[in-house]
Every structure is written in C-alpha cells, then in structure tokens.
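Overview (structure and organization)
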Amino acid sequence: MKNNQMVTAIDGENSLRLQVYRKAFGVEDAIIEISDIEGANGVLHIISKVIFPATESAGDVLRKSGNYTIFLQTMESIMAQDPEAIDISNGGHTGNHYTFFVPTDTAFRRIGSSRLRRLQSDPQYMSKVMKNHISTSMMSSDSFKPNLTYDLPTRQNAVGVSCDAARKMKVNDADVLKKDMMSSSGVIHVIDKLLLSENDY
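Because the structure is predicted, anything quoted here is derived from the model rather than measured.

About the cut-offs
Residues numbered from 1 in each chain as written. Predicted model: local features only at pLDDT ≥ 70, side-chain atom pairs only at ≥ 80, totals over all residues. Heavy atoms only, no water. Helix = DSSP H or I, 4+ residues; strand = E, 2+ residues; numbered from the N terminus. Rg over C-alpha atoms; globule rule 2.2 N^0.38 Å. Buried < 20%, exposed > 50% of the residue type's maximum accessible area, 1.4 Å probe, protein only. Contact = heavy atoms within 4.5 Å. Lys, Arg positive; Asp, Glu negative; His and termini not counted. Charge placed at Lys NZ, Arg CZ, Asp CG, Glu CD. Pairing = 2+ DSSP bridges. Axes fitted to C-alpha atoms, helices over the stretch in contact; angles between N-to-C directions. Salt bridge = Lys/Arg side-chain N within 4 Å of Asp/Glu carboxyl O. Phe/Tyr/Trp six-rings, centres within 6.5 Å; stacked < 30°, edge-to-face > 60°. Lys NZ or Arg CZ within 6 Å of the ring centre and 35° of its normal. Polar contact = N/O pair within 3.5 Å; in protein donor to acceptor, adjacent residues only side chain to side chain.

A few words on the overall build of the protein. The helix and strand inventory of the protein stands at five helices and 12 strands. In summary, the protein has a C-alpha radius of gyration of 17 Å against a globular reference of 17 Å for 201 residues, a match within 12%. Expressed as lengths along the three principal axes of its C-alpha atoms, the size of the protein is roughly 65 × 35 × 25 Å. Residues counted as buried form 44% of the 201 residues belonging to the protein. A fraction of 52% describes how many contacts in the protein between residues 6 or more apart in sequence connect residues 24 or more apart. Averaged over its 22 positive side-chain charges, the protein has a centre that lies 7 Å from the centre of its 24 negative ones.

A word on the sheet that holds strand 1 (residues 5-8). Sheet strands line up and pair through hydrogen bonds in the backbone, either parallel or antiparallel. The five strands are arranged 1-2-3-4-5 in an open sheet whose pairing can be described as antiparallel. Two strands in the sheet have a free side with no partner beyond their single neighbour: strand 1 and strand 5 (42-47). On average, each strand axis in the sheet is inclined to that of its neighbour by 40°, with strand direction left out of account. As paired elements, strand 1 and strand 2 (residues 15-20) share four bridges and run antiparallel to each other. Bridging from a neighbouring strand, threonine 8 pairs with serine 15 of strand 2.

On to the pattern of salt bridges, then. Evaluated as defined, the whole model comprises 12 salt bridges. Between lysine 193 and aspartate 173 there is a salt bridge whose closest N-O contact spans 3.6 Å. Remark: aspartate 173 occurs in the loop between strand 10 (169-171) and strand 11 (174-183) and lysine 193 occurs in the segment after strand 12 (186-191); sequence separation between them is 20 residues. For aspartate 173, a relative accessible area of 44% gives the class partly exposed. Each of Asp29, Lys49, Asp142, Arg167 and Asp180 takes part in salt bridges that share partners, so that together they form one network.

Scanning the entire structure with this criterion turns up two aromatic pairs. Their ring planes at 55° and their centres at 5.9 Å tell us that tyrosine 98 and phenylalanine 100 sit as a pair that is tilted. Phenylalanine 100 matches tyrosine 98 in its accessibility class, with the two residues each being buried. The positively charged end of arginine 118 is found above the aromatic ring belonging to tyrosine 125, 3.7 Å away from the centroid.

A word on the side chain of serine 143. Residue placement: serine 143 occurs in the loop between strand 7 (134-135) and strand 8 (148-153). For serine 143, a relative accessible area of 7% gives the class buried. Looking at serine 143, its side chain comes within polar contact range of the main-chain oxygen of serine 140, at 2.6 Å. Residue contacts for serine 143: discarding those within four places in its chain leaves Tyr21, Ile31 and Tyr150.

By themselves, these are just geometric observations and shouldn't be taken as functional.
What follows is the structure, encoded as structure tokens:
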C-alpha cells in the first residue's frame, strides 16, 4: 500500500483512496483497524466505518450550503488569476487527495472589514492566505490521535492539528465545526477562524 494510492472498487466505477499515516493505514475517511485477513477469495481488511462513494467535487459539496460563499468566491478568484493554483472543482492538477480547512463566512467576517477587503482585492495576499488552508495530504479526523499535535504542511506553510480525548479537533487556534465532509477532491473540515500566520495580520 502506498500513500495517495488509488484502487478501483468492485463496481468498476468508483475509486478508493488509500492513505499511509504515521501508525495506521486509511481508506477514504476510515481507518484500517485489522488488516491482511486472508481468505479463499481474497484479503479482508476491517475498517472503522462504512464508506460511501465521493462523487461530488469539494466546490459542489460546499455550494449545497450558503455558509461558504466567501471561501468559494476567493478560490475562484485565485484560479482565474493563477491557473496553476488548487482547483477545488475537479480535484486539482496533481490528484484528489487534498485536505481543505474551510472557514465559514462568519469566520471570514471576524477578521474585520479592512482585512477582508485586502484579502478580496490583493491577489498575492489572497493566494498566500488561502493556500495555507489546503494540504496535499488527505487527512481524515481519525488519522489524528488524541492529545497529540501534528504539524501538517499546507500549500503555504504548516498548521498544527490536534484533537482531545472527546475527538474535538482544532487547527491552530480554530475549532473544527464539521469534519470529514468527503468529496472527489479530498476531505473537508470546516473551521471557525482563518488560519493566518503572524505576518498575515
């Protein structure tokens, strides 16, 4: 098994994304709990949850709600100006194993009107900030062990991801409001604050 490996499901239409974590293996947003049980007709792996085909792009998943319009508009602006940037509509240029930390519209407004105007009008600043919300590794919530902090590289810098014993996740100082929203582009975790470095304020 290789990280970011794709295998075709038995239906011949859908693919399953395999992940290699620090001390575990994953398939879509599930963890392989027991592996390599050999049978007469194949190998059995026991996983932590039922998985469903992820057939909609991240953009399509987010458009179902009215809470992510600023994120979507900002990403569309980046793509219009920089075709080499991440494309959340079709899984991007290098695969479909992304992790998206998506701030709500309320989270965007919390940074203040002047900083929000700069974010929406300064292409370089916009790209820098938004790329810090995207990782090229698909990390489900179950991939993070309780009471540990993981340094997860993003397209810009890195963020610290942690969860407590109750599985409540944080990304830097942002709380995760919704987790493991699966899409054909990767996994989405919704957060209540923008992930800004000290230099971005």
